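Notes for the structure review
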Amino acid sequence: MTTHFSFLCRTKTSAGTNALEHLPFELSGMGAKKPMVIQDAASRKLKRHKCLIRAFKDSGMTLGIAPAVPEPALSGSKKKPEATAQFIRDMYATYREKGYDAIIAVGKAAAADMAKALNIAVTLGPDALKGTDITAPLNPLIYIPTGVDTVTATAASVTFNRKAFTSPYLAPDQAVIDPAMLIPDDRDSLLDAALFCLALGCEVHALSGNPPARAYAAALVELAAVPLAQMIGSYSESNLKLRKKAEAGWQKQLVQAAVISGYLTDGSRPLLTLALGREISGDSGRVSLGMIMTVLLPAVLETLGRDRFGSLLLPLSGMERFSTVPVSQQPVTAVQTIRGLLNGLHAVTGGHTPRTLAEAGWQRDALTALAADENIQNITRDTAQDVLKCILTHACDGSPVTAPLG
Amino acid sequence: MYIPDYFEFCCRVKIVAGHDGLEQIPSLLTAMGSSAPMILTDKGVRAAGLVDVVETALGGNLTIPTIEDDVPPDSDLNVVHRLADVYREKGCDAIIAVGGGSVLDTAKGINILVSEDSDNLMEFTGAGALKRPLRPLIAVPTTAGTGSEVTLVAVIADHANNRKMLFTSYFLLPDAAVVDPRMTLTLPPHITAATAMDAMAHSVESTVMMSKNPLSDAHAREAMTLISKHLVSVIKNPSDKDGRLALATAATMAGIAFSNAMVGMVHAIGHSVGSVCHVPHGTCMAILLPYGLEYNLHKAEDRIADLLLPLAGPEAVVSTPADKRAQAAIDWIREFNKELNQITSGRHATRFKDLKGHDGTPMVPKDKLPEIAATAMGDGAIFYNPEDMDYEDFLMVTEAAWEGVPLDPTRIKKG
Ligand SMILES: [Fe+2]
């Protein structure tokens, strides 16, 4: 561990069967009596709020059901900013007028981010959305995911009208993961989320000297690795019924992982797979974020990790395998396991997923230029240029890093 | 990985750890809008010079309206009320609690009164009586063991009515726990060992309980790894600052693990030995921990086997067959206790029989064991223990821990 660190996750996690039923008690513990429910279009369409109303039946609390949030998501979205702003204005007025005192966000990150922005407005006044430091708890905010997402709904940050807000008080007070609220995700979304969580968890666990962050990351890798391996193993399953059943199981576990991933992305630590992954997948648009992050992962670990990542082998492949690998071989085997997942996926998709950045359509020269890009230097928190170059060029052709720089 | 059908996990406390941890306090307070903290401590901590260290670290950046050290070892309702008045009179707007469980409990009590503008703490007893965030509270733990800086409970003794009042709420959690090795640097070796073994017991027990979950497990494993890696070297070299930081961090993380996943029979019996015979809590934990695992072995073999990695490291796992790992983990803890016994010149006891009071008399006379067993039966910590326990079982375990011999597996009733 390092000689100093800090860690804060203000979000309580509750997950599993009938998790919703605990929510009235939790909210009343926060002093809330009249929560407003904000949901995304998919949740609204499938009337997921009905489950909520049922859970609150005997609670003595009244729920207000808001119209669906405008799509697409707030974070990073360039489209429809006026719809978003209008929605916040409307909901702010309703919240005040009807005397709501808490927000329950139901859906994916679009709903969560909208709820965070609204919570700033209703707690601190609408002008606060023009920019302010958030130094004290906001009104109670609950997040109920309906599926996986690689935009981290539980992160302690939100972007509204191109203004970025970061504060531990922005994170939901509680994330409630109840299987009854889930809406089936397609296989590609599940795969993307699993890869995203795997890469993020591996990077933090292996490279961070921050023990609480390492702990959350270890759980993240464990939660993602098993469904990921199973998804690859049964990719060609043609029995639709069997496939749907398996997917529901994976989704349950991956939603937990996705929620935890947000706890590690509060901006307090540089995350190279995420920062570079966003830049690269955003540019190509063809390959998902989680995929690109996992393609980058072996090079990130090998460049910076030296021998620090042997402990990854356990969450990646389980105790049975871990205990058969000599300790000196564990770091190499951990990276081989990650490459094995990429190779396996490449094989079962008939070559549709990349194993390298080159296969994702990137040229070595473009990546070298990217490493020197001023913007990249900013978002990777001044990671040395030769480190970035080493990572990107090795991820380009998939060659192992033999002389680590970290 | 074990994922229960339903679980909850929460740690809302900001952990600020480091050799410069104390120096971060002014900016933590500023970020919360506070500038006039009361320092709350007890006479022992103050006499050890730790408050001076805190004051120096705060520098001139902060006005300290008052330093209060009138906190009794088991907290006191009247003291809480009196100190709340002091807080108001001196115009304080935050509390820095420097000390152990009692100081922190007192700070939580004061914080309820001043935040709710109340003169009667009784209004807020029980679970869920608090409905909104309290004023800023920063915990600076001075022992690396209890983990009370991350628990959401406060116990305040009402001596006049001879009862203890329990308060439970997430709002009682400190805003930040400042983990700074300067606070534990002067702990003598046997106390360092005992408090670290308390943290070890928190993390080990939490992973064996029925109420564990992936997040509590991950915190517990980090804590165990840090303790097993650093405890011996810190005892051999008490000024090992990095090692002290690791142990203090581990204690906080173990506190997070057990406050989310609970503890079991080791704590049930330990509390009882503490109240009947006044044995320090950490000493009880070290002695009882292997027995707690042995007793639950048939119910939790896989969970106990998984402890071998964080305790003994990857080599031990690779060289031990799967079906021998649980026993190896138990043996490792026994050996660890023996090593701690040796390097503390025998002051770290490995069985109750050897404990001596200041006057040289046995602390745990053999004829007290039935009373210990009977008292343990009423302890709430047994609720989450994998295997049930009746009076006979408690007595059997206590007797074995007194003699320092392993449990006789044939005498464990497998329910
Ligand atoms: Fe304890």
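About the thresholds
Residues numbered from 1 in each chain as written. Chains lettered and ligands numbered in written order. Predicted model: local features only at pLDDT ≥ 70, side-chain atom pairs only at ≥ 80, totals over all residues. Heavy atoms only, no water. Domains from an automatic or database assignment. Buried area = accessible area lost by both parts, 1.4 Å probe. Salt bridge = Lys/Arg side-chain N within 4 Å of Asp/Glu carboxyl O. Contact = heavy atoms within 4.5 Å. Helix = DSSP H or I, 4+ residues; strand = E, 2+ residues; numbered from the N terminus. Expected span 1.5 Å × (residues − 1). Buried < 20%, exposed > 50% of the residue type's maximum accessible area, 1.4 Å probe, protein only. Pairing = 2+ DSSP bridges. Axes fitted to C-alpha atoms, helices over the stretch in contact; angles between N-to-C directions.

With that settled, the discussion passes to the domain arrangement of chain A. All names here are of chain A. Taken domain by domain, chain A holds domain 1 (12-181) and domain 2 (187-397). The C-alpha centroid of domain 2 is placed 29 Å from the C-alpha centroid of domain 1. Summed over both sides, the interface of domain 1 with domain 2 buries roughly 1400 Å², with 68% coming from carbon and sulfur. Summed over the three residues of domain 1 that lose the most area to domain 2, namely Val148, Thr150 and Thr152, the buried surface amounts to 41% of that side. Seen at the junction of domain 1 and domain 2, the total is 0 salt bridges.

Glancing now at the domain arrangement of chain B. All names here are of chain B. Here chain B is described as being made up of domain 1 (14-183) and domain 2 (189-411). Centre-to-centre separation of domain 1 and domain 2, based on C-alpha positions: 29 Å. Listed by partner, the interface residues are 14 residues for domain 1 and 18 residues for domain 2. Between domain 1 and domain 2 the total buried area reaches about 1200 Å² when both faces are included, carbon and sulfur atoms providing 71% of it. Our enumeration of links across domain 1 and domain 2 arrives at 0 salt bridges.

One pass over the full model with this rule turns up 34 salt bridges over all chains. When the shortest N-O distance is used, the salt bridge between A:Asp185 and A:Lys108 registers 2.6 Å. One end of the pair, A:Asp185, is in the loop between strand S9 (174-177) and helix H6 (187-207); the other, A:Lys108, is in the loop between strand S5 (102-107) and helix H5 (109-124), and 77 residues separate them in sequence. Counted as one network, the salt bridges with shared partners bring together B:Lys43, B:Arg46, B:Asp69, B:Asp70 and B:Arg82.

On to helix H15 (residues 385-397) of chain A, then. All names here are of chain A. Here H15 spans 19 Å end to end across 13 residues, near enough to the 18 Å set by a 1.5 Å rise per residue. Taken residue by residue, H15 has Val387, Leu388, Cys390, Ile391, Leu392, Thr393, His394, Ala395 and Cys396 as its buried positions. Where H15 ends, the next residue or the one after it, Gly398, has phi of about 75°, a positive value.

Strand order across the open sheet formed by 7 strands is S1(A)-S2(B)-S10(B)-S7(B)-S5(B)-S3(B)-S4(B), with mixed pairing between neighbours. The two strands at the open ends of the sheet, each matched to only one other strand, are strand S1 (4-7) of chain A together with strand S4 (66-68) of chain B. Across the sheet, the mean angle separating the axes of adjacent strands is 15° when strand polarity is ignored. Relative to strand S2 (residues 14-18) of chain B, S1(A) runs antiparallel, the two sharing 4 bridges. Paired with A:Phe5 across the two strands is B:Ala17, which belongs to S2(B). Most of the contacts of helix H5 (residues 101-116) of chain B go to strand S5 (residues 94-99) of chain B, to which it runs at about 165°, and overall it touches strand S3 (37-40), S5 and strand S7 (137-141) of chain B. Sheet strands in contact with helix H8 (residues 241-261) of chain B are S1 of chain A together with S2 and strand S10 (176-179) of chain B, and its direction is about 165° off that of S2(B).

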